[in-house]
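Tertiary structure, described
Residues per chain, in single letters:
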Amino acid sequence: MSAVIPFTKMHGIGNDCVIVDARERAIDLGVADLRHIADRHRGVGCDQIVVLAASVNGDAKLEFFNSDGSGAQACGNATRCCGLYLRDQGLPQSLLLESDAGMLAIEVESAERIRVEMPSPRLLWHEIPLARACDTLEVPIGHENFPDPVAVNMGNPHLVFFVDDADAVAIDRLGPALEIHALLPERGNIGFANLISADTIRLRVFERGSGQTLACGSGACAALVAAVRRRLVDDHALMVLDGGELEIAWPGEGPVVMTGPAAYACEGQLALPETSGDR
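Quick look at the structure, then.

Some words on the pattern of salt bridges
Counted under the stated rule, the structure contains 14 salt bridges. Between R187 and D68 there is a salt bridge whose closest N-O contact spans 3.6 Å. One end of the pair, R187, is in the loop between helix 3 (171-179) and strand 11 (189-197); the other, D68, is in the loop between strand 4 (60-66) and strand 5 (71-72), and 119 residues separate them in sequence. Taking the relative accessible area as the measure of exposure, R187 reaches 27% and is therefore partly exposed. Here D68 falls in the partly exposed class, since its relative accessible area comes to 25%. Measuring nitrogen to oxygen at the nearest pair gives 2.8 Å for the salt bridge that ties D88 to R87. Since its relative accessible area comes to 37%, D88 is described here as partly exposed. Each of the salt bridges in this network shares a partner with another, and the network as a whole consists of K9, D16, R40 and D47.

Here it is as structure tokens:
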């Protein structure tokens, strides 16, 4: 008999996630289950799946998965969604959530303004990780005459390319090749950014394991860190993504602060197909 799981679908400026609440009863999801949930034709459809589990050290634990079933350590938009969901489930508006990237402090002012303290960025080549030692401010990719990107780990690996016009980049073609570049042994999220003004950045992201998305919270954080390190902006910027806008701030050390909205899409129950040895 197939398993039936309750779910809540939400999105942060178009980056959609399916939340499976397993705080009170464990729910075992295999790779085939995760892919089925994320399937936009046969399942619910989403960029990421988040399993909420009980936490000893925080209000809940977040377990992130990409749409291809692979694990992810961080997802900024899904984190904001979980903050709003948990507050609406009766938890306080100030939350501390456990993740593989560390403890995340969240303040839910309203559905339109949710503030998350994302992890401190890791900037050394072996922390990204890259396959060999190099300057993470100028990673020698040498791909199609693109400028060398900045590497940042925001709980997951990111390469940020600063280009003249992010909208002109063929991200659907370049993203899959760069995601699996030889310098990225754990694959990576690939961002293309251009400066609009001294405090506004246009950004498009191809996400590891999910493909091009309307928004990427950790990618927006990585792009701001990269811009600060390149001295393109001061310590904050408005990030303009395909699905909307995020406010990102980083003073040069410590956590990256992300502020943005979250919204509900739908909720229901999903029957998972029979699998063998996968669940």
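Re the packing of aromatic side chains
The description of two aromatic rings rests on the distance between their centres and on the angle between their planes. In total, this model carries three aromatic pairs according to the counting rule given. Note on F146 and F161: the rings are 5.9 Å apart at their centroids and 80 degrees apart in plane angle, and the pair reads as edge-to-face. With F146 in the loop between strand 8 (114-118) and strand 9 (150-153) and F161 in strand 10 (residues 157-162), the pair connects residues that are 15 residues apart, well separated along the chain. Residue F161 is classed as buried on the basis of its relative accessible area of 1%.

A look at the environment of G211
Mapped onto the elements, G211 comes out in strand 13 (residues 211-213). Residue class for G211 comes out buried when judged on its relative accessible area of 14%. With 39 residues separating them in the primary sequence, G211 and D172 have C-alpha atoms 8.1 Å apart. With sequence-adjacent residues up to four places away left out, G211 is seen in contact with V205 and F206.

Thresholds applied
Residues numbered from 1 in each chain as written. Predicted model: local features only at pLDDT ≥ 70, side-chain atom pairs only at ≥ 80, totals over all residues. Heavy atoms only, no water. Salt bridge = Lys/Arg side-chain N within 4 Å of Asp/Glu carboxyl O. Helix = DSSP H or I, 4+ residues; strand = E, 2+ residues; numbered from the N terminus. Buried < 20%, exposed > 50% of the residue type's maximum accessible area, 1.4 Å probe, protein only. Phe/Tyr/Trp six-rings, centres within 6.5 Å; stacked < 30°, edge-to-face > 60°. Contact = heavy atoms within 4.5 Å.

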